[in-house]
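Commentary on secondary and tertiary structure
Listed here are the chains, written in short residue letters.
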Amino acid sequence: MPQVASAQSPGTQQPSPSDTRIPKDELIHVDCRRGFHHVDGGTFRRLGRAAECLRHPQKDPSRRRGGITDDPFDGVIPPEYIPRKSTIPTLDEIHHLKEVSSDELRVIIDLMSGCGHRNGEAYAANLERMVADDVCRITKQIDGTTRQRARLKHRKPGEFRETPMQSTVRESLLRYEKGHGADPNGYLLRTQRSPYWAHTTLGYQWSAAKKRAGITRKFITYSLRHFFASNCLSRGIPVTDVAEWMGHKNINMTFKIYRHLMPASIGRAAKLLNEGL
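Treat the numbers as computed from the prediction; the structure is a model and nothing was measured.

1. Remarks on the state of the cysteines
In this structure the tally under the stated criterion is zero disulfides. With no disulfide of its own, cysteine 232 lies closest to cysteine 115 among cysteine sulfurs, the gap being 9.7 Å. Cysteine 232 sits in the buried class, given a relative accessible area of 7%.

Here is the structure:
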């Protein structure tokens, strides 16, 4: 691992406390997963001040002293998020996959296609989350890399969301618990070497199931969430409800991804208005 050369040569002027520049001889090794390594206190403070100036340009000392007259971010338009076209599996393809899947993968498929779970949320399948016959409460997910329990995406610790639960999903969970049991905390899915599933486990079983089912179309397990959304929207369920059930950060995300699946409201409105004339 690279080390930081923090010693300065004799005669080198020390930067002032308000100077946000980082001297060339203070090279920093950055690991995207773990952050900064071997950063001394002075360099760390200058990094913090530089980041603060980027977040709030009006606090930049150069601007306060008149060196920069305009906000460098004025007029900058952030790039628009353009979602990729989603491949949605058919109901027949889902049934074929379930027929050749392991009991564990069948639970994953049911939760993702029937309740809109993300991969990690499906790994955390738990009977205690069935708060009613037709309601599933999602409170945790399993990190697919570390195999550890984690908070939900776009949710603070302790927050949850609820989704409608089809009878087939409820029966799938109860059937699995009857045949395989659950751990002391109610979690259902585990492997021979780990108490939780991981992305590698899902990837291997998913590829094998698609091959056994003879499915050649290119779609991934996350496509099962797209099936859930399309199933809801094509039946006229409000996009606001679907956004909440999917756990999206805001409704704009849901609208951009699934707008083409929503029934044409203009045509329906014209028909209804015509009946009233």
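2. Structural notes on the sheet that holds strand S7 (residues 161-164)
Reading across from one edge, S3-S4-S7 is the order of the three strands in this open sheet, with antiparallel pairing throughout. A strand with exactly one partner marks an edge of an open sheet, and here the two such strands are strand S3 (130-132) and S7. Put simply, the sheet's adjacent strands are angled 35° from each other on average, direction ignored. Across four bridges, the pairing between strand S4 (residues 135-138) and S7 is antiparallel. The partner of arginine 137 across the bridge, within S7, is glutamate 162.

3. A look at the environment of alanine 125
Among the structural elements, alanine 125 can be located in the loop between helix H5 (119-123) and S3. On a C-alpha basis, the gap between alanine 125 and isoleucine 108 in space is 8.1 Å, while along the polypeptide they are 17 residues apart. Here alanine 125 is in contact with Val107, Leu111, Leu173, Gly186, Tyr187, Leu188 and Leu189, once residues within four sequence places are set aside.

4. Topic: the nonpolar core
Counting 34 residues, the largest nonpolar core has Ile108, Leu173 and Leu189 as its most contacted members. Breaking this core down by element, the ones donating at least two residues are helix H3 (91-100), helix H4 (103-115), H5, S4, helix H6 (167-180), helix H7 (199-213) and helix H8 (223-233). In terms of residue count, H4 provides more of this core than any other element does, seven residues in total. Counting residues in each nonpolar core, the second largest holds eleven residues, with Leu233, Val239, Trp245 and Met246 among its members.

5. Focus on the packing of H4 against H7
The N-to-C vectors of H4 and H7 enclose an angle of 90°; their axes lie 11 Å apart at closest approach. Between H4 and H7, the angle falls in the class roughly perpendicular. For the pair H4 and H7, contact is made by Leu105, Ile108 and Ile109 and by Leu202, Gln205, Trp206 and Ala209, respectively. Considered class by class, the residues forming the contact of H4 with H7 number six nonpolar, one polar and no charged.

6. Quick notes on the packing of H4 against H8
Running from amino to carboxyl end, H4 crosses H8 at an angle of 35°, the nearest separation of the two axes being 6 Å. The residues of H8 that touch H4, namely those facing Ile109, Met112, Ser113, Gly114 and Cys115, are Leu224, Arg225, Phe227 and Phe228.

7. Overview of the packing of aromatic side chains
A complete count under the given rule lists three aromatic pairs for this structure. Measuring from ring centre to ring centre gives 5.6 Å for tyrosine 187 and tyrosine 196, while their planes differ by 85°; the resulting arrangement is edge-to-face. Residue tyrosine 196 is classed as buried on the basis of its relative accessible area, which comes to 8%. Taking 6.0 Å as the distance between ring centres and 70° as the angle between the ring planes, the aromatic pair formed by tryptophan 206 and phenylalanine 219 counts as edge-to-face. Linking tryptophan 206 in helix H7 with phenylalanine 219 in the loop between H7 and H8, this pair joins segments that are 13 residues apart in sequence. For phenylalanine 219, a relative accessible area of 4% gives the class buried. Geometry around phenylalanine 160 places arginine 137 over its ring, the cationic atom sitting 4.4 Å from the centre. In this structure, lysine 210 packs its charged tip against the face of phenylalanine 219, placed 4.7 Å from the ring centre.

8. A closer look at unusual backbone geometry
In this structure, arginine 147 takes a positive phi of about 60° despite not being glycine. Position of arginine 147 relative to the elements: it lies in the loop between strand S5 (141-142) and strand S6 (149-150). Here arginine 147 falls in the partly exposed class, since its relative accessible area comes to 25%.

9. Notes on the layout of surface pockets
Of the voids in this model, the second largest pocket is the one considered here, and its volume is about 200 Å³. Lining the second largest pocket are 13 residues, with Leu91, Ser113, Gln166, Thr168 and Phe227 positioned closest to its centre. Among the secondary structure elements, those contributing two or more residues to the lining of the second largest pocket are H3, H4, H6 and H8. Ranked by residue count, the leading element in the lining of the second largest pocket is H3, at four residues.

10. Observations concerning H3
Those residues of H3 that sit buried are Glu93, Ile94, Leu97 and Lys98. Down the axis, H3 shows its buried residues gathered within 135° of arc, on one side only. The exposed set on the far side of H3, more than 90 degrees from its buried face, consists of Asp92 and Glu99. Buried positions along H3 lie against H4, H7 and H8.

Parameters and conventions
- Residues numbered from 1 in each chain as written.
- Predicted model: local features only at pLDDT ≥ 70, side-chain atom pairs only at ≥ 80, totals over all residues.
- Heavy atoms only, no water.
- Disulfide = S-S within 2.5 Å.
- Buried < 20%, exposed > 50% of the residue type's maximum accessible area, 1.4 Å probe, protein only.
- Pairing = 2+ DSSP bridges.
- Helix = DSSP H or I, 4+ residues; strand = E, 2+ residues; numbered from the N terminus.
- Axes fitted to C-alpha atoms, helices over the stretch in contact; angles between N-to-C directions.
- Contact = heavy atoms within 4.5 Å.
- Core = buried A, V, L, I, M, F, W, Y, C linked by side-chain atoms within 4.5 Å.
- Parallel < 35°, antiparallel > 145°, perpendicular 65-115°, else oblique.
- Nonpolar A, V, L, I, M, F, W, Y, C, P; charged D, E, K, R; others polar.
- Phe/Tyr/Trp six-rings, centres within 6.5 Å; stacked < 30°, edge-to-face > 60°.
- Lys NZ or Arg CZ within 6 Å of the ring centre and 35° of its normal.
- 1 Å grid on protein atoms, 1.4 Å probe; cavity = no way out; pocket = protein on both sides within 12 Å on 5 of 7 lines; lining within 4 Å.
- Points joined across faces, edges and corners; volume = space filled by probe spheres on them.
- Arc of directions from axis to C-beta.

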